[in-house]
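Examination of the molecular architecture
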Amino acid sequence: MTKEEKYLARIIFKSKIYQSDKQSFEDLFTRVKQNENSNFKQIKPQGSLGDGKCDGFNASSEEYYQVYAPEELTGNESTLLSKMDSSITGLMKFWKEKGFKVSKFYYVVKDDYKNVYALLYTNAKENAKKYSIECEILTCKDIEDTFLKLDEDEIIEIIGIIPDPLNIDNVEYGVMEEVIDFLLK
């Protein structure tokens, strides 16, 4: 993959992130994780049991992921922290009771590349100490970094065919202005 193709892949992926809502963001995240590691399993909610506060996991590495994708992250810090706490508490209760070992918990936040509050990281550290596990926060940038390390075929499977920049002619720059405005917002 050339630098130009990788650049286009990054723009297309970011666009997918910005356009995704709660479930489509979770689906995008799990597609990236499944392509990164075939041991990653997505969880389908099961009636009143839900998903055990786990959107996906890797049993061999004992890693569990919970995705939080609010419409708007700003001004939501207390909700963000309480959701994280209830997620990890519920996950530990459900999965450990079923005989699964939990060594690492990832709280995946759709931050739209705006970053998350410092309290989220300190809360992760407190939960790690409380449950004697590793606990980390993943943001859109972290997911993008994982995505860009995938093989070219896996990238194409997630975002579609990347046009060859050398074969693009008749570029309409007015459309690019809209894309740039969208990305800036």
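Residues numbered from 1 in each chain as written. Predicted model: local features only at pLDDT ≥ 70, side-chain atom pairs only at ≥ 80, totals over all residues. Heavy atoms only, no water.

1. Here we look at the sheet that holds strand S2 (residues 56-58)
Defined as follows: Whether two strands pair depends on DSSP finding at least two bridges between them. Numbering of helices and strands runs from the N terminus, with a helix taken as a DSSP run of H or I at least four residues long and a strand as a DSSP run of E at least two residues long. Note on definitions: a residue-residue contact is assigned when non-hydrogen atoms from the two residues lie within 4.5 Å. Think of each axis as a best-fit line through the C-alpha atoms, taken over the contacting stretch in the case of a helix, with angles from 0 to 180 degrees between the N-to-C directions.
The five strands lie next to each other as S1-S2-S3-S4-S5, forming an open sheet whose pairing is mixed. Edge positions in the sheet fall to strand S1 (41-42) and strand S5 (134-138), since each has one partner strand and no second. Where S1 lies against S2, two bridges are found, and the strand directions are antiparallel. Looking across to S2, one finds that Lys-41 is bridged to Phe-57. Together, S2, strand S3 (63-68), strand S4 (104-109) and S5 form the strand contacts of helix H3 (residues 77-97), whose direction differs from that of S4 by roughly 145°.

2. As for the packing of helix H1 (residues 3-19) against helix H2 (residues 22-36)
The cut-off we apply is this: In this scheme, a crossing is called left-handed if the near helix is turned counterclockwise away from the far one by less than a right angle; it is called right-handed if the turn is clockwise. Polarity classes work like this: nonpolar for Ala, Val, Leu, Ile, Met, Phe, Trp, Tyr, Cys and Pro, charged for Asp, Glu, Lys and Arg, and polar for all others, with Gly in that last group.
Across the interface, H1 lies against H2 with an axial gap of 8 Å and an inter-helix angle of 145°. Judged by the sense of rotation from one axis to the other, the crossing of H1 with H2 is left-handed. For the pair H1 and H2, the contacting residues are Phe-13, Lys-16 and Ile-17 in the first and Phe-25, Leu-28 and Val-32 in the second. When grouped by side-chain class, the residues that make up the contact of H1 with H2 number five nonpolar, no polar and one charged.

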